[in-house]
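Here's the letter readout for the chains.
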Amino acid sequence: GLFVHEREGRKMDLLLTTPLTAWGIVRPKLAAGIVAPESLGVLGLGACFALAWGSQVGVARSLMMLVTSAIALGFAYVLAAAASLYARTLLGAFLFAAGTVLFLYYGAPWMGDLLFEADSSLGPVVSPAALLDRLCFPSQRDRPDTAGAFALQTLLYGTTISLLLAGLAARVRRIAAHP
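Rules used throughout
Residues numbered from 1 in each chain as written. Predicted model: local features only at pLDDT ≥ 70, side-chain atom pairs only at ≥ 80, totals over all residues. Heavy atoms only, no water. Helix = DSSP H or I, 4+ residues; strand = E, 2+ residues; numbered from the N terminus. Buried < 20%, exposed > 50% of the residue type's maximum accessible area, 1.4 Å probe, protein only. Contact = heavy atoms within 4.5 Å. Areas by Shrake-Rupley, 256 points an atom, 1.4 Å probe, with all protein chains shown as cover. Patch = residues over 30% accessible without salt bridge, like charges linked within 9 Å, V, L, I, M, F, W, Y side chains within 5 Å. Salt bridge = Lys/Arg side-chain N within 4 Å of Asp/Glu carboxyl O. Phe/Tyr/Trp six-rings, centres within 6.5 Å; stacked < 30°, edge-to-face > 60°. Core = buried A, V, L, I, M, F, W, Y, C linked by side-chain atoms within 4.5 Å. Axes fitted to C-alpha atoms, helices over the stretch in contact; angles between N-to-C directions. Parallel < 35°, antiparallel > 145°, perpendicular 65-115°, else oblique. Left-handed = near helix turned anticlockwise from the far one by under 90°. Nonpolar A, V, L, I, M, F, W, Y, C, P; charged D, E, K, R; others polar.

### Points about the overall build of the protein
(1) Moving on: Per the secondary structure count, the protein includes nine helices and zero strands.
(2) Moving on: Here the protein, with 179 residues, has 36% of them falling under the buried criterion.
(3) Moving on: Contacts spanning at least 24 positions in sequence make up 66% of the contacts within the protein whose residues lie at least 6 apart.
(4) Moving on: About 10,500 Å² of surface is accessible on the protein, with carbon and sulfur atoms providing 72% of the total.

### Let's talk about a nonpolar patch on the surface
(1) Moving on: Side chains of Ile 34, Val 35, Leu 40, Leu 43 and Leu 73 sit close together on the surface and give an oily, nonpolar patch of about 440 Å² of accessible area.
(2) Moving on: Residue position: Leu 40 is located in helix H4 (residues 37-57).
(3) Moving on: For Leu 40, a relative accessible area of 47% puts it in the partly exposed group.

### Considerations on the packing of aromatic side chains
(1) Moving on: Applying the stated rule across the entire model yields three aromatic pairs.
(2) Moving on: Considering the side-chain rings of Phe 75 and Tyr 157, the 5.0 Å spacing of their centres and the 75 degrees angle between planes classify their relative orientation as edge-to-face. Separated by 82 residues along the polypeptide, Phe 75 in helix H5 (residues 59-86) and Tyr 157 in helix H9 (residues 146-177) bring together distant segments of the chain.
(3) Moving on: For Phe 75, a relative accessible area of 3% puts it in the buried group.
(4) Moving on: Here the aromatic rings of Tyr 105 and Tyr 157 are separated by 6.1 Å at their centres, their planes lie at 75 degrees, and the arrangement is edge-to-face. In this pair, Tyr 105 is assigned in helix H6 (residues 90-115) and Tyr 157 in helix H9, connecting sequence segments 52 residues apart.

### A look at the environment of Phe 96
(1) Moving on: Mapped onto the elements, Phe 96 comes out in helix H6.
(2) Moving on: Spatially, the C-alpha atom of Phe 96 lies 9.3 Å from that of Ser 84, the residues being twelve residues apart in sequence.
(3) Moving on: Those residues within four positions of Phe 96 in sequence are excluded, and the remaining contacts are Leu 79 and Ala 83.

### Side note on the nonpolar core
The nonpolar side chains of a soluble globular protein tend to be buried with one another.
(1) Moving on: Counting 31 residues, the largest nonpolar core has Phe 3, Phe 75, Leu 85, Leu 168 and Val 172 as the members making the most contacts within it.
(2) Moving on: Broken down by secondary-structure element, the contributors of at least two residues to this core are helix H2 (12-16), helix H3 (22-34), H5, H6 and H9.
(3) Moving on: Sorting elements by how many residues they give to this core places H5 first, with nine residues.
(4) Moving on: Residues in contact with Leu 85, not counting those within four places in the same chain, are Phe 3, Arg 7, Met 12, Leu 168, Arg 171, Val 172 and Ile 175.

### Brief notes about the packing of H3 against H9
(1) Moving on: Contact geometry of H3 with H9 gives a least axis separation of 8 Å together with a crossing angle of 125 degrees. When the interaxial angle is binned, H3 and H9 end up oblique. Between H3 and H9 lies a crossing of right-handed hand. Two secondary-structure elements touch here, H3 through Ala 22, Trp 23, Ile 25, Val 26 and Leu 30 and H9 through Leu 165, Ala 166, Leu 168, Ala 169, Val 172 and Arg 173.
(2) Moving on: Per-class residue counts for the contact of H3 with H9 are ten nonpolar, no polar and one charged.

### Overview of the environment of Leu 90
(1) Moving on: One can find Leu 90 in helix H6.
(2) Moving on: Under the relative-accessibility criterion, Leu 90 is labelled partly exposed at 35%.
(3) Moving on: It is 9.3 Å that separates the C-alpha atoms of Leu 90 and Leu 2, two residues lying 88 residues apart in sequence.

### Section: the environment of Leu 43
(1) Moving on: The topology assignment puts Leu 43 in helix H4.
(2) Moving on: In sequence terms Leu 43 and Leu 73 are 30 residues apart; their C-alpha atoms lie 9.3 Å from each other.
(3) Moving on: Setting aside chain neighbours within four positions, we find Leu 43 in contact with Ile 34 and Leu 73.

These figures come from the coordinates and say nothing about function on their own.
Below you can see the structure in the form of structure tokens.
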């Protein structure tokens, strides 16, 4: 709820009266969520897990696992921030962000497997969990399309994160222009 608390407490107007640009408001709000002690603890724990799993699969796959995990967390974080800016309540923002992430990470690959074929390549492109599955487990490691799925997923989620960030700044500018 990076932004929803300001809207619920009617502090958004006060925030928008500062001489900061839209990016000047969005950037520190996003950074504050990342450097919170809870977030740093979770990120540290995730890095430990990545190193532990990565020691089993080699350097290249370890880096792919780390990038995949970072992009998945980044997407979920920026989506939740955008949802908190658009939603009226914290519960609404949470339900939208959690539902979207769960659908993209688990529902879409499952539906792709049902609609196309049992071993479709849609899962690793859309779902970080499916791609991590290919990177981690020995039975999946030698698949020839893993690097392509990694590249497509990185491009897809990287572009989406960039668009969400631009949307956050645009929404703050719109709110400032029409209080």
